[in-house]
Amino acid sequence: MNDSSYDQELDCKGMNCPLPILKTKKQVDTMEVGQVLKMEATDPGSINDMNAWSRRTGNELLSHNLEDGIYTFFIKKI
Amino acid sequence: MSEQKKMALIASQGTLDWAYPPFILASTAAAMDMEVQIFFTFYGLTLLKKDIKAKVAPATNPAMPMKMPFGPKGFQDFEWPMPNVFMGNMPGFETMATSLMKQTFKNKGVATIEELREMCVESGVKLIGCQMTMDVFGFEKEEFVEGVDVGGAATFLEFASEADIQLFI
C-alpha cells in the first residue's frame, strides 16, 4: 500500500485505548464505500484492536505497518 | 458482517477507576456496531450526573500503585511506599490520589469519563437509571444527562436475555 492511494487520514498518535478505535469508527462513518483511510497510532494494542474491529464491522484492514514506534493502518470502507 | 451483536452492562460502582470499564466497553462495542445498554444501579448512578465527581478510593484499594504523573522517568516509575489502607483515611489524600490519577490518564492519552460517556450517547448507547436506587438515594432524572431512561430489573433482564455479552461491573 503506498501513501498516495488513500482518501482520508486520521492521526491517533499519543491516544490510548479505546480512542483510536472510536475515532476510526467516527471517520469511517463519514466516508463513501470503497474509500481508504490511513490511520496512525502509537498504542501498541492498536494492531490487535484494529484487526478485531475490522473483522467485527466488516471493513477491510488492507495493511498495517510499524515504523519508529508508529503504527500505520490502511482501512477500506466496505 | 454477521447479525448485530448486543451487550448488556450493569454499572454498579461510582469511583473513578470503576467508572472507566463500562464507558470504555460500551463506546467500543457501539463502534463495533453492537447494540448496547448500560443499567446504572447503586453508586453507578452517580456516573449519570451531568457533572461527574468520581474519585478514587485508595483506602479500599490496597494494591493501587502510587505513582507521580510528572518529573523524570525514574521518578515517575517509582512506586511510593504509601500504605493506602492507612493513608486513605488521611484528610485530602483521596483528592490528591484522584488528581494524580486523572493527570496520569491525561498524560497517557486516555479519554476522560465525560468524553467517553459523550461518545457513548453519540453512538446510540442506551443509558438506564435504576428506579429503585434512584428513590433510595434521592436522585431525580433531571440531575442526569439528556437521554437517560429509567427502569427496573425487568427492563434490564429483557434486554440482557437476548444479549450476547452481559457483564456486571
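See above for the structure.
Residues numbered from 1 in each chain as written. Chains lettered and ligands numbered in written order. Predicted model: local features only at pLDDT ≥ 70, side-chain atom pairs only at ≥ 80, totals over all residues. Heavy atoms only, no water.

On to the pairing of strand S2 (residues 35–40) of chain B. All names here are of chain B. Of all six residues in S2, five are buried, a share of seventy percent or more. In this sheet, S2 lies alongside strand S1 (residues 6–11) in parallel orientation, the contact comprising six bridges. Bridging across to S2, Lys6 finds its partner in Glu35. Handedness of the crossover joining S1 and S2 through helix H1 (residues 16–31): right-handed. Pairing of S2 with strand S3 (residues 126–130) involves four bridges; the strand directions are parallel. Counterpart to Phe40 in the pairing with S3 is Gly129. (Buried < 20%, exposed > 50% of the residue type's maximum accessible area, 1.4 Å probe, protein only. Helix = DSSP H or I, 4+ residues; strand = E, 2+ residues; numbered from the N terminus. Pairing = 2+ DSSP bridges. Right-handed = clockwise from strand over helix to strand, strands pointing away.)

Turning our eyes to something else, we now look at the interface of chain B and chain A. Facing 19 residues of chain B, the contacting portion of chain A comprises 13 residues. Buried surface at the junction of chain B and chain A, summed over both partners, amounts to about 1,300 Å²; 63% is from carbon and sulfur atoms. Of all residues in chain B, B:Ala31, B:Met32 and B:Met119 bury the most surface against chain A, accounting for 33% of the area lost on that side. Looking at the side of chain B that touches chain A, the elements that each hand over two or more residues are H1 and helix H5 (113–122) of chain B. If you tally residues by element for the side of chain B that touches chain A, the top one is H1(B), at five residues. Residues of the side of chain B that touches chain A, tallied by class, amount to 10 nonpolar, four polar and five charged. (Contact = heavy atoms within 4.5 Å. Buried area = accessible area lost by both parts, 1.4 Å probe. Nonpolar A, V, L, I, M, F, W, Y, C, P; charged D, E, K, R; others polar.)

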